[in-house]
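An overview of the molecular structure
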Amino acid sequence: MADVTIVPLSEENVQLFSQTAAKILPEAWSFETYKKQVQNPDDISFLALCNGEAAGFISVWCVCGEAEINNIGVLEKFRRMGIATVSYTHLTLPTILRV
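Residues numbered from 1 in each chain as written. Predicted model: local features only at pLDDT ≥ 70, side-chain atom pairs only at ≥ 80, totals over all residues. Heavy atoms only, no water.

1. Points about the sheet that holds strand 4 (residues 66-74)
To summarise the sheet geometry, strands pair through backbone hydrogen bonds and adopt either a parallel or an antiparallel arrangement. Quick note on the threshold: Two strands qualify as a pair provided DSSP detects at least 2 bridges between them. Secondary structure elements are defined from DSSP: runs of H or I of at least 4 residues count as helices, runs of E of at least 2 residues count as strands, and each element is numbered from the N terminus. Note on geometry: axes are lines fitted to C-alpha atoms, helical ones only across the stretch in contact, with angles between N-to-C directions running from 0 to 180 degrees. Contact between two residues is taken to exist if any of their heavy atoms lie within 4.5 Å; hydrogens are not considered.
The four strands lie next to each other as 1-2-3-4, forming an open sheet whose pairing is antiparallel. Whereas interior strands pair on both sides, the edge strands pair on one side only; in this sheet they are strand 1 (4-8) and strand 4. Direction aside, the axes of adjacent strands within the sheet are offset by 20 degrees on average. Bridge count for strand 1 against strand 2 (residues 43-50) is five bridges, and the pairing is antiparallel. Residue pairing across strands places Val4 opposite Cys50, the latter belonging to strand 2. Set on the sheet, helix 1 (residues 14-24) makes contact with strand 2, strand 3 (53-63) and strand 4; between it and strand 3 the angle comes to about 95 degrees.

Given below as structure tokens:
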């Protein structure tokens with residue numbers, strides 16, 4: 001079984017996040033856009049790591065109490081391993097409301 005770790009988008013991993021998104025989606029946002037998302041309080045984005053290697057991501061905006069999935073994707077070699085399900089499920093866990 002694969003060891004899947006879900007980590008939030010951060011200054012430390014934004015380059016890897018951007019590279020992973022670009023490999024999955026031809027229309028992926030630019031590195032600069034993802035870098036801005038790190039500071040966006042409405043953004044909730046996660047990077048999925050499989051055995052320490054970037055495997056996929058999910059990008060979500062939460063505005064006025066509603067969430068919108070912008071993009072979700074998994075690199076082809078990691079598909080059919082439940083990584084997208086794990087990423088999506090991570091969003092549905094109880095979170096702390098920041099006011």
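2. A closer look at the packing of helix 1 against helix 2 (residues 31-39)
Filter applied, for reference: Orientation categories follow fixed angle ranges, with anything under 35 degrees roughly parallel, anything over 145 roughly antiparallel, 65 to 115 roughly perpendicular, and all other angles oblique. Less than a right angle of anticlockwise turn of the near helix away from the far helix marks a crossing as left-handed, whereas a clockwise turn marks it as right-handed.
Across the interface, helix 1 lies against helix 2 with an axial gap of 9 Å and an inter-helix angle of 130 degrees. Relative to helix 2, the element helix 1 is oriented oblique. As for how helix 1 packs across helix 2, the hand of that crossing is right-handed. Contacts between helix 1 and helix 2 involve Val14, Gln15, Phe17, Ser18 and Ala21 from the former and Phe31, Tyr34, Lys35 and Val38 from the latter.

3. Quick look at unusual backbone geometry
A positive phi angle is found at Asn51, which is not glycine, with a value near 50 degrees. Counting through the fold element by element, Asn51 comes out in the loop between strand 2 and strand 3. At Cys64, a residue that is not glycine, the phi angle is positive and equals roughly 55 degrees. Note on placement: Cys64 falls in the loop between strand 3 and strand 4.

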